[in-house]
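In case you want the letters, here they are:
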Amino acid sequence: MHKMIYLDNAATTRVKPEVFDAMRPYLEEQYGNPATSYTFGGNINNDIETARQTIAGFIGAESKEIYFTSGGSESDNWALKGAASALKAKGHHIITSKIEHHAVLHTCQYLEKNGYEVTYVNVDDNGVVDLQQLEASIRPDTILISIMFANNEIGTIQPVKEIADIAHKHGVLFHTDAVQAYGHVEINVKDMGIDMMSVSGHKINAPKGIGFLYIRSGVYIDTLIHGGAQERGKRAGTTNVPGVIGLAKATELAKTTLSARRDYETGLRDHLISRIETEIPYSRLNGHRTQRLSNNTNFCFRFIEGESLLILLDRAGICGSSGSACSSGSLDPSHVLLAIGLPHEIAHGSLRLTVSEDTTLEEIDYAVDQLKEIVERLRSMSPLYEDFVKKQEAK
Ligand SMILES: *Cc1c(COP(=O)(O)O)cnc(C)c1O
């Protein structure tokens, strides 16, 4: 078998043909600038507003609460820096978790260098945020709580509504990075009490370079990108029209397929998990067993280097990831795996396989067969493993 098997859907996804078809006219024919007043450009504005309504409707928001951005990283940066600077008269304290995406963590580090204080709340060994510590961390000068909806490495879904309730009980704003959850989990920003939410298109079959920040009406944050009057004067820059149209189309598709897709992916995911757990010894599932994204699996294999595993899987035509795409290339162990309590040497050897609705059971079975062989081969070359087996036998 030489076909490529793509099991890295948490890193990015394929643009769906329907999405591409919806975008195409805005690249080829309707290429006008929507900010112009002549009909050619101006009509495109209506299409953008329709797209905004589609997206708003999907999360229970008003269309005026949707601000298009270049993606998840920009939305996270804007939510945090924008709130920090708008609310600095109230205070300088922000609360987040130890397992956030780097778009949030590195923004927090930047804010710390600029006079803000950040508390990084712990998670339990399943990756669920410690709600008691969260609440106990709130101070009179706390201005923002930012906790991700679902983790990109281990797939754990957070109790978002409870976190929002805690924030609001103390008069604190709540932002969530929902990049991994959007289109996979039902989200209603009003019912859940979300004040700001980051979303990215390329994780749900829209192109790279488009996303949005939901900002609840009544929440005021400073502008990140200054310039023209686009996005209610809050986010300048000529609108990424094909991107917006593609994101709306991907949203529409995600909405209609959500529950069937979730069931299908959960079936694949659980099959993958159960085969690995029964057939590969000394493997460990990372993340919550049930409160987890339907497309996510993340494993550690003792005595195995994540990078060698990925290289050999690649040779077998399988695309996976060790930790997050953003940190692979660096040899640091994943901050998420360290936060759930794994020791350094184990946190190095992780493998994330994330499925999509296009993944088949045959692909999963092939991937596990290959993985099993590769793990055996790597372990057979490991003196540590040899020692370990000898000790086990001596018992
Ligand atoms: C991918 C991802 C981001 C970054 O989104 P981009 O659109 O690639 O900038 C942020 N947060 C999470 C949880 C992600 O998975």
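Residues numbered from 1 in each chain as written. Predicted model: local features only at pLDDT ≥ 70, side-chain atom pairs only at ≥ 80, totals over all residues. Heavy atoms only, no water.

Novice: Could you clarify how one ought to interpret unusual backbone geometry in this entry?
Specialist: Excluding glycine, a negative phi dihedral is what most residues carry, and trans is how most peptide bonds are arranged. Non-glycine residue N205 carries a positive phi angle of around 70°. Of note, N205 is situated in the loop between β7 (196–200) and β8 (211–215). Look at Y282: it is not a glycine, yet its phi comes out positive at around 55°. Turning to its location among the elements, Y282 is positioned in the loop between α8 (241–279) and β9 (283–285). The partly exposed category is assigned to Y282, whose relative accessible area is 33%. (Helix = DSSP H or I, 4+ residues; strand = E, 2+ residues; numbered from the N terminus. Buried < 20%, exposed > 50% of the residue type's maximum accessible area, 1.4 Å probe, protein only.)

Novice: Please clarify how the pattern of salt bridges should be interpreted in this entry.
Specialist: Where side chains of opposite charge bring their charged atoms close, a pairing between them can arise. Under the definition given, this model contains 23 salt bridges. One salt bridge connects D270 with R269, and the closest N-O pair in it is separated by 2.9 Å. Taking relative accessible area as the criterion, R269 reaches 5% and is therefore assigned buried. Here D369 ties to R275 by a salt bridge, and the two come within 2.6 Å at their closest N and O atoms. A residue pair is termed long-range when its members are at least 10 positions apart, and D369 in helix α12 (residues 361–380) and R275 in helix α8 qualify at 94 residues. On the basis of relative accessible area, D369 is assigned to the partly exposed category, the value being 37%. (Salt bridge = Lys/Arg side-chain N within 4 Å of Asp/Glu carboxyl O.)

Novice: Explain the layout of surface pockets here, please?
Specialist: Empty pockets left among the atoms are what a rolling probe the size of a water molecule brings to light. What the largest pocket holds in volume is close to 380 Å³. N9, N205, S356, E357 and D358 are, among the 26 residues lining the largest pocket, the residues nearest its centre. Residue assignment for the lining of the largest pocket shows that the elements contributing at least two residues are β1 (5–6) and α8. With 6 residues, α8 is the single largest residue contributor to the lining of the largest pocket. For the lining of the largest pocket, the residue count by class is 9 nonpolar, 9 polar and 8 charged. Both domains that furnish three or more residues to the lining of the largest pocket are identified here as domain 1 (5–12 + 258–394) and domain 2 (17–253). (1 Å grid on protein atoms, 1.4 Å probe; cavity = no way out; pocket = protein on both sides within 12 Å on 5 of 7 lines; lining within 4 Å. Points joined across faces, edges and corners; volume = space filled by probe spheres on them. Nonpolar A, V, L, I, M, F, W, Y, C, P; charged D, E, K, R; others polar. Domains from an automatic or database assignment.)

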